Amino acid sequence: PVTPVMAIKFEGKTFKLRVQPGPDGLAQFRAQVRELLGFDITEEFDVSFECQVPTTGEKLKLTGLNSYGAATHCAAITAGGGGGGRPPPP
């Protein structure tokens, strides 16, 4: 299977991270961000995820670390080539 990737934008720079779903994936995501940026993201930190709806191409903004699960799901679908702006075949 293809590993989902998220891009992080911070102070004009973009970093791409491989991500995994679930609590372990969130812990790994936070560790990667801490290593890259030099600080930990907490629940109070302003985090938002932008993803593209696979079937429509519409951009969706998910806010807060509690949206990590939905964001990784979107990233997994995109990484797998799902959607592509068209509804799935019957």
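Refer to the structure above for everything that follows.
To keep things clear, this report deals only with the structure shown in the data block. Owing to the predicted nature of the structure, the values given are computational and were not obtained by experimental measurement. (Residues numbered from 1 in each chain as written. Predicted model: local features only at pLDDT ≥ 70, side-chain atom pairs only at ≥ 80, totals over all residues. Heavy atoms only, no water.)

### Brief notes about the packing of aromatic side chains
Any two aromatic rings considered together are summarised by their centre-to-centre distance and by the angle between their planes. Selection criterion: Between 30 and 60 degrees the pair is tilted, below 30 it is stacked and above 60 it is edge-to-face, where a pair is any two Phe, Tyr or Trp rings, Trp via its six-membered ring, whose centres lie within 6.5 Å. Helical segments are the DSSP runs of H or I of at least four residues, strand segments are the runs of E of at least two, and each set is numbered from the N terminus. Burial status follows relative accessibility: with a 1.4 Å probe on protein chains alone, a residue under 20% of its type maximum counts as buried, one over 50% as exposed, and anything between as partly exposed.
Tallied over the entire structure, the rule returns four aromatic pairs. Aromatic side chains Phe 29 and Tyr 68 sit 5.2 Å apart centroid to centroid with 40° between the ring planes, which places their arrangement in the tilted category. With a gap of 39 residues between them, Phe 29 in helix H1 (residues 22–37) and Tyr 68 in helix H2 (residues 68–79) connect regions that are remote in the sequence. Overall, the relative accessible area of 4% leaves Phe 29 in the buried class. Seen from their ring centres, Phe 49 and Tyr 68 are 6.3 Å apart, and the 65° between their planes marks the pair as edge-to-face. Highlighted residues: Phe 49 in strand S3 (residues 48–52) and Tyr 68 in helix H2, separated in sequence by 19 residues. Here Phe 49 matches Tyr 68 in class, with each residue buried. Connected via pairs of aromatic rings, a cluster forms that spans Phe 29, Phe 49 and Tyr 68.

### A look at the side chain of Ser 67
Keep this limit in mind: Any pair of residues with heavy atoms lying within 4.5 Å of one another is described as a contacting pair.
When you line up the elements, Ser 67 lands in the loop between strand S4 (59–63) and H2. Beyond its immediate chain neighbours, meaning those up to four positions away, Ser 67 contacts Phe 49 and Leu 62.

### Notes on unusual backbone geometry
Even without glycine at this site, Glu 11 takes up a positive phi of about 50°. Considering the arrangement of structural elements, one finds Glu 11 in the loop between strand S1 (5–10) and strand S2 (13–18). Looking at Glu 11, the relative accessible area reads 70%, which means it is exposed.

### Observations regarding the layout of surface pockets
If you roll a probe as big as a water molecule over the atoms, it shows you where there is empty space left. Put simply, the rule is: Lining residues are those with an atom within 4 Å of a point, where the points come from a 1 Å grid over the protein atoms alone and group into cavities, where a 1.4 Å probe fits but cannot get out, or pockets, open sets with protein on both sides within 12 Å along at least five of seven lines. Grid points are joined across faces, edges and corners, and a volume is the space filled by probe spheres set on the points. Note that Gly is not counted as nonpolar here; it falls among the polar residues with everything else outside the nonpolar set of Ala, Val, Leu, Ile, Met, Phe, Trp, Tyr, Cys and Pro and the charged set of Asp, Glu, Lys and Arg.
Here the largest pocket defines a volume of roughly 860 Å³. Along the walls of the largest pocket sit 26 residues, with Ala 7, Ile 8, Ser 48, Phe 49 and Glu 50 positioned nearest its centre. Contributing elements (two or more residues each) for the lining of the largest pocket: S1, H1, S3, S4 and H2. Here the lining of the largest pocket takes six residues from S1, the largest share from any one element. The class makeup of the residues in the lining of the largest pocket is 17 nonpolar, three polar and six charged.

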